[in-house]
Amino acid sequence: MSPYTIAVIGGDGIGREVIREGVKVLEAVAGRGLALTFEEAEMGAELYRRTGEDLPRETFDLCQRTDAILFGAAGLPDVRFPDGTEIAPQVTLRFRLELYAGVRPIKLYPGVPSPLRLPAGRTIDYVIFRENTEGLFASRGGGAAVGREVAADTLIVTRKGTDRIARRAFEAALGRRRRLTCVDKSNVFRSYLFFREVVQEVGTEFPEVTLDGAYVDAMAMYVVQRPWAYDVVVVENQFGDILSDLGAATVGGLGMAPSGDIGDRWALFQPSHGTAPDIAGKGVANPTAMILSAALMLRWLGDRHKDPTAAAAGDRIEAAVAEVLVAGGTLTPDIGGRASTAALGDAVASAL
Ligand code: ATP
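Residues numbered from 1 in each chain as written. Predicted model: local features only at pLDDT ≥ 70, side-chain atom pairs only at ≥ 80, totals over all residues. Heavy atoms only, no water.

Caption draft 1: Local environment of the overall build of the chain. Looking only at helices and strands, the chain has eleven helices and twelve strands in total. A globule of 352 residues ought to have a C-alpha radius of gyration of about 20 Å, and the chain, at 20 Å, matches this closely. In the chain, buried positions account for 52% of the 352 residues. Excluding contacts between residues fewer than 6 apart, the proportion of contacts in the chain whose partners are at least 24 apart in sequence is 76%. Only carbon and sulfur atoms are counted for the fraction: they give 52% of the accessible area of the chain, which is about 15,100 Å². The averaged location of the 45 negative side-chain charges in the chain is 3 Å from the averaged location of its 38 positive side-chain charges. (Helix = DSSP H or I, 4+ residues; strand = E, 2+ residues; numbered from the N terminus. Rg over C-alpha atoms; globule rule 2.2 N^0.38 Å. Buried < 20%, exposed > 50% of the residue type's maximum accessible area, 1.4 Å probe, protein only. Contact = heavy atoms within 4.5 Å. Areas by Shrake-Rupley, 256 points an atom, 1.4 Å probe, with all protein chains shown as cover. Lys, Arg positive; Asp, Glu negative; His and termini not counted. Charge placed at Lys NZ, Arg CZ, Asp CG, Glu CD.)

Caption draft 2: Looking closely at helix H8 (residues 237–250). The first and last C-alpha atoms of H8 sit 20 Å apart over 14 residues, in line with the 20 Å expected at 1.5 Å per residue. Considered for burial, the residues of H8 that qualify are Asn-237, Phe-239, Gly-240, Leu-243, Ser-244, Gly-247, Ala-248 and Thr-250. One side of H8 carries all its buried residues, which in axial view fall inside an arc of 165°. On its buried face, H8 sits against strand E4 (101–107), strand E5 (125–131), strand E8 (179–184), helix H6 (190–203), helix H7 (216–225) and strand E10 (232–235). Two to three positions downstream of the cap, the backbone nitrogen of Gln-238 sits 2.9 Å from a side-chain oxygen, assigning the N-cap of H8 to Glu-236. (Expected span 1.5 Å × (residues − 1). Arc of directions from axis to C-beta. Polar contact = N/O pair within 3.5 Å; in protein donor to acceptor, adjacent residues only side chain to side chain.)

Caption draft 3: Up close: the pattern of salt bridges. Enumeration according to the criterion identifies 24 salt bridges in this entry. A salt bridge links Asp-61 to Arg-57; its shortest N-O distance comes to 3.3 Å. Here Asp-61 pairs with Arg-57, and both are found in helix H3 (residues 57–65), just four residues apart, close to one helical turn. Among the salt bridges present, the one from Glu-318 reaches Lys-107, with a minimum N-O distance of 2.7 Å. Of this pair, Glu-318 sits in helix H10 (residues 308–327) while Lys-107 is found in strand E4, placing the two residues 211 residues apart along the sequence. A single salt-bridge network, built from bridges that share partners, covers Lys-107, Arg-299, Asp-315 and Glu-318. (Salt bridge = Lys/Arg side-chain N within 4 Å of Asp/Glu carboxyl O.)

Caption draft 4: Main features of the site of the ligand. With respect to spatial proximity, 13 residues lie near the ligand, and among them His-273, Gly-274, Ala-276, Asp-278 and Asn-286 are the closest. Ala-276 has a polar backbone atom sitting 3.0 Å from an oxygen atom of the ligand. Note that a nitrogen atom of the ligand is positioned 2.9 Å from one of the backbone N or O atoms of Asn-286. For the shell around the ligand, the class distribution of residues is five nonpolar, five polar and three charged. (Near = heavy atom within 4 Å. Nonpolar A, V, L, I, M, F, W, Y, C, P; charged D, E, K, R; others polar.)

Caption draft 5: Broad picture of the nonpolar core. One finds Ile-6, Leu-70, Val-234, Met-297, Leu-298 and Ile-317 to be the most contacted residues of the largest nonpolar core, which totals 83 residues. Residue contributions to this core peak at ten residues, all from helix H9 (residues 288–304). For this core, the two domains that each supply at least three residues are domain 1 (1–99 + 256–352) and domain 2 (115–250). Residues contacting Leu-70, with those up to four places away along its chain left out, are Ile-6, Ala-7, Val-8, Ile-9, Ile-19, Val-23, Leu-26, Phe-269, Met-290, Ala-294 and Met-297. One finds Ala-41, Leu-62, Ile-69 and Leu-93 within the second-largest nonpolar core, a separate group that totals 16 residues. (Core = buried A, V, L, I, M, F, W, Y, C linked by side-chain atoms within 4.5 Å. Domains from an automatic or database assignment.)

Caption draft 6: Broad picture of the packing of aromatic side chains. One pass over the structure, following the stated rule, counts six aromatic pairs. Relative to Tyr-230, the ring of Tyr-126 has its centre 6.4 Å away and its plane inclined at 75°; by these criteria the two rings are edge-to-face. Note that Tyr-126 is positioned in strand E5 and Tyr-230 in the loop between H7 and E10, a separation of 104 residues in sequence. Side by side, Tyr-126 and Tyr-230 carry an identical accessibility label, which is buried. (Phe/Tyr/Trp six-rings, centres within 6.5 Å; stacked < 30°, edge-to-face > 60°.)

Caption draft 7: Fine view of the sheet that holds E4. Taken together, ten strands build an open sheet; the order of strands is E2-E1-E3-E12-E11-E4-E5-E10-E8-E9 and the sheet is mixed. Strands with a single pairing partner mark the edges of an open sheet, and in this sheet they are strand E2 (36–40) and strand E9 (210–215). Taking each pair of neighbouring strands and ignoring which way they run, the sheet shows an average axis angle of 25°. For E4 and strand E11 (residues 258–262), the ladder comprises three bridges, and the chain directions are antiparallel. Pairing of Ala-101 across the sheet is with Ile-262, part of E11. (Pairing = 2+ DSSP bridges. Axes fitted to C-alpha atoms, helices over the stretch in contact; angles between N-to-C directions.)

Caption draft 8: Quick peek at helix H4 (residues 89–96). Along H4, six of the eight residues are buried, which leaves the element largely enclosed by surrounding structure. Restricting attention to buried positions, one finds in H4 the residues Pro-89, Gln-90, Val-91, Thr-92, Leu-93 and Arg-94. Once H4 ends, the next one or two residues include Glu-98, with phi positive near 50°.

Below, the structure is given as structure tokens:
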């Protein structure tokens, strides 16, 4: 139960700009039985450039001792580890804190332009459950390079890893439209066939949920042609990474796509986008994905601590966001307006 302590980590680029709006909105929704305190910490590429560390011990400790982690974005194109890979401490946290469920709602809000022309009465509202700790990302920091001639990364699928993400996805489907789609490439790779088989096995425990499957290449087409057909999607790490950006594009872009990286003990909430160096420092980043991630965080706290006040506060944030988006006066440029990051955040806070 509240008070909840939230670790607040802006990171790099627009991460630092949008997180201010996330905190602003959380401060506006607090009170009436919900107490929140915030503790700030640093991680990311800028910090690495300055100190040689991207995820310092104090930040990791803070993440472990607080009730939830609110995160902006990290990584800068010109700051790299010696092996040439990008600084991504948020991915390190997924592994170290076992945040195995990447929960990515793809939802079109009235007032937000979609590049798709949807038939009357249809909308987009599904959730991707991306396996977050294995798949192709299991090779991160490993992989093999033989001179300048050969390089290899290995895709790992385990029963434990697939079972737990499948279970989360089926549970979510139970609270929604009771339909789950397993996305893979099981017609070609043994690893993906195994993924699908384990999902099917878990499905026998959820007879109320209708399970179907789609190959990832076809799915890339279906989420453009008939996105309304989907409810919950469960998918391996790398494919989930790609499908969630594709899904975000259909609902107004990355600025509209929140996410939660959730484990059994800890959880981190962040917009699906990265640091967007092209617009950083201009005050025009869309904070909606960040604000909706804060709403997901409150719902998760509500669920975990059996605290309906926290869950209701999450719902109130989403309702305030929807109200501001449909009103249209304070939209950022990426969704067709001219307002600043702060103006959109202010509008959501005052709607609350
Ligand atoms: P990463 O690989 O680090 O997750 P990404 O591939 O998701 O990053 P971003 O840099 O986040 O890439 O975003 C790609 C582009 O989308 C940005 O350059 C920017 O133009 C746009 N974009 C992303 N987030 C936002 C936002 N919140 N508001 C407006 N535009 C955004």
